[in-house]
Amino acid sequence: MKINSINFYNYKQNVYPQNNISRSNVAFCSGSVMQSDLDKLYSIMPKEQLNKEFNDICKNLKLDINPKLEIVDSYNDGRGGGYNFYRHEVSLCASDLVCSDYKIVGTKAGKKIVLVDPKTQSPLFATKDMAEEFVKNAQVRKNYGYDSIEMVPTTIDDKKRLIIQKLSHELIHAQQHMLMRQTEGIGEKEIIKAWTHGKPRNSEEEKQLNNFVEKSFAHSFWADKKKTEIKIPKNSPAAMLTYQWLNAVKNYPPVNSVEYLTNAIETDAYRRSADYAQNMFGQLKA
């Protein structure tokens, strides 16, 4: 294992789970976001409402320090956003948030159902082109067991629901990291170490990794913050979960891999963000 300044730079830029997303230092919106996407986003959910929803979710999750929110301009490897522990920031891709003009609806025995991805718990909302392609492919695959599959225009509440589900997903990641910080034996530096994915093979490499973590922590959001109060004893049932999350961070897989959808921090965030959206909007309506 080799740890050098290049690794350090990449770690600071890339820690969880987005990579190389264009951004600026201006909170909430990078200057290069497509204005058309931004206008569409704020026509669905005005900036003031988006701020309110963000703060409401933070309050619901009992976050001790609210992260910064940025709207950014591009996907990377299928990622529409992420939570960055190093910077304590949530970023969401504007074009991903507004990619929701149509929903995919299946009909079986006369009952219409909005299709949901069973792995991510996300409703199948898409642009017109994407929806048309899905319906075309479904017909080739015998409509996946439905009598028919069609594309139906989404309502404004559908579009808001998707934005809030994506936002809550990333804020749940912030909560997961907060609970890890509050666990005896973990804390900020162990989380940073986990995100390096370093696996030292001997004492010298362990020393290199520890030095790297110290330097990284010194440049992180957490460096000048009050040390997190330990609230979760190491051998408690709650710690069993937070250590599971820490292990999921250590072994965080590529987003396009099979393992990504079974990673503990992702399965938790997908499930709970879907629950949050349902609590706010009720069952999906075809």
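Quick notes on the rules
Residues numbered from 1 in each chain as written. Predicted model: local features only at pLDDT ≥ 70, side-chain atom pairs only at ≥ 80, totals over all residues. Heavy atoms only, no water. Phe/Tyr/Trp six-rings, centres within 6.5 Å; stacked < 30°, edge-to-face > 60°. Buried < 20%, exposed > 50% of the residue type's maximum accessible area, 1.4 Å probe, protein only. Lys NZ or Arg CZ within 6 Å of the ring centre and 35° of its normal. Core = buried A, V, L, I, M, F, W, Y, C linked by side-chain atoms within 4.5 Å. Helix = DSSP H or I, 4+ residues; strand = E, 2+ residues; numbered from the N terminus. Polar contact = N/O pair within 3.5 Å; in protein donor to acceptor, adjacent residues only side chain to side chain. Contact = heavy atoms within 4.5 Å. Expected span 1.5 Å × (residues − 1). Arc of directions from axis to C-beta. Axes fitted to C-alpha atoms, helices over the stretch in contact; angles between N-to-C directions. Nonpolar A, V, L, I, M, F, W, Y, C, P; charged D, E, K, R; others polar. pLDDT = per-residue confidence, 0-100. Salt bridge = Lys/Arg side-chain N within 4 Å of Asp/Glu carboxyl O.

### A few points about the packing of aromatic side chains
Throughout the structure, instances matching the rule amount to five aromatic pairs. Here the aromatic rings of tyrosine 252 and tyrosine 260 are separated by 6.1 Å at their centres, their planes lie at 90°, and the arrangement is edge-to-face. Judged by relative accessible area, tyrosine 252 falls into the buried class, the value being 11%. Taking relative accessible area as the criterion, tyrosine 260 reaches 9% and is therefore assigned buried. Among the aromatic residues, ring-to-ring pairing joins Phe85, Phe221 and Trp222 into one connected group. Over the ring of phenylalanine 217 we find lysine 189, and its NZ or CZ is 5.0 Å from the ring centre. The ring of phenylalanine 221 has lysine 225 lying over it, and the distance from NZ or CZ to the ring centre is 4.0 Å.

### Re the nonpolar core
Core analysis: the largest hydrophobic core is formed by 49 residues, its most contacted members being Leu41, Ile71, Leu167 and Leu171. In terms of residues, this core owes the most to one element, helix α6 (residues 156–181), which gives eight residues. The next biggest cluster of nonpolar side chains, apart from the first, holds eight residues, and it includes Ile104, Leu115, Ala126 and Ala131.

### Side note on the side chain of asparagine 143
Its location among the elements puts asparagine 143 in the loop between α5 (128–140) and β8 (148–153). Under the relative-accessibility criterion, asparagine 143 is labelled buried at 13%. Here the side chain of asparagine 143 touches aspartate 147 through a polar contact of 3.5 Å, landing on its backbone oxygen. In contact with asparagine 143, other than residues within four places in its own chain, are Ala138, Ser148 and Ile149.

### Some thoughts on helix α8 (residues 203–218)
Structurally, the α-helix is built with 3.6 residues per turn, so residues lying three or four positions apart point the same way. Between the first and last C-alpha of α8 there are 23 Å, a value that for 16 residues agrees with the 22 Å anticipated at 1.5 Å per step. Taken as a whole, α8 has its buried residues at Glu205, Leu209, Phe212, Val213, Ser216 and Phe217. The buried residues of α8 occupy an angular sector of 130° when the element is viewed end-on, so they sit on one face. Exposed side of α8, more than 90 degrees from the buried face: Ser203, Lys207, Lys215 and Ala218 are the residues found there. A distance of 3.1 Å separates the backbone nitrogen of glutamate 204 from a side-chain oxygen at the start of α8, and that oxygen is part of asparagine 202.

### With respect to the packing of helix α7 (residues 187–196) against helix α9 (residues 237–250)
For any two helices packed against each other, the geometry comes down to the angle between their axes and how far apart the axes lie. Two elements in contact, α7 and α9, have axes separated by 7 Å at closest approach and are oriented at 35°. Listed contacts from α9 to Glu190, Ile191, Ala194 and Trp195 of α7 are Leu246, Val249 and Lys250. Considering only residue class, the contact of α7 with α9 consists of five nonpolar, no polar and two charged.

### Some thoughts on the confidence of the model for the protein
Looking at the protein as a whole, its pLDDT mean stands at 87, while 86% of the residues score no less than 70. This model gives residues 1–31 a pLDDT under 50, and the stretch forms 98 contacts once residues within four places in sequence are excluded.

### A look at unusual backbone geometry
At histidine 88, a residue that is not glycine, the phi angle is positive and equals roughly 50°. Position of histidine 88 among the secondary structure elements: in the loop between β3 (81–84) and β4 (89–93). One non-glycine residue, tyrosine 144, lies in positive phi territory at about 55°. Structurally, tyrosine 144 is set in the loop between α5 and β8. Judged by its relative accessible area of 42%, tyrosine 144 is partly exposed.

### A look at the pattern of salt bridges
For the structure on display, the rule yields 18 salt bridges. For lysine 103, the salt bridge identified is with aspartate 158, shortest N-O distance 2.8 Å. Note that lysine 103 is positioned in strand β5 (residues 102–108) and aspartate 158 in helix α6, a separation of 55 residues in sequence. Here lysine 103 and aspartate 158 have matching classes, each one buried. Between aspartate 275 and arginine 271 there is a salt bridge whose closest N-O contact spans 3.9 Å. Residue aspartate 275 and its partner arginine 271 are both found in helix α10 (residues 264–281); the two are separated by four residues, about one turn of the helix.

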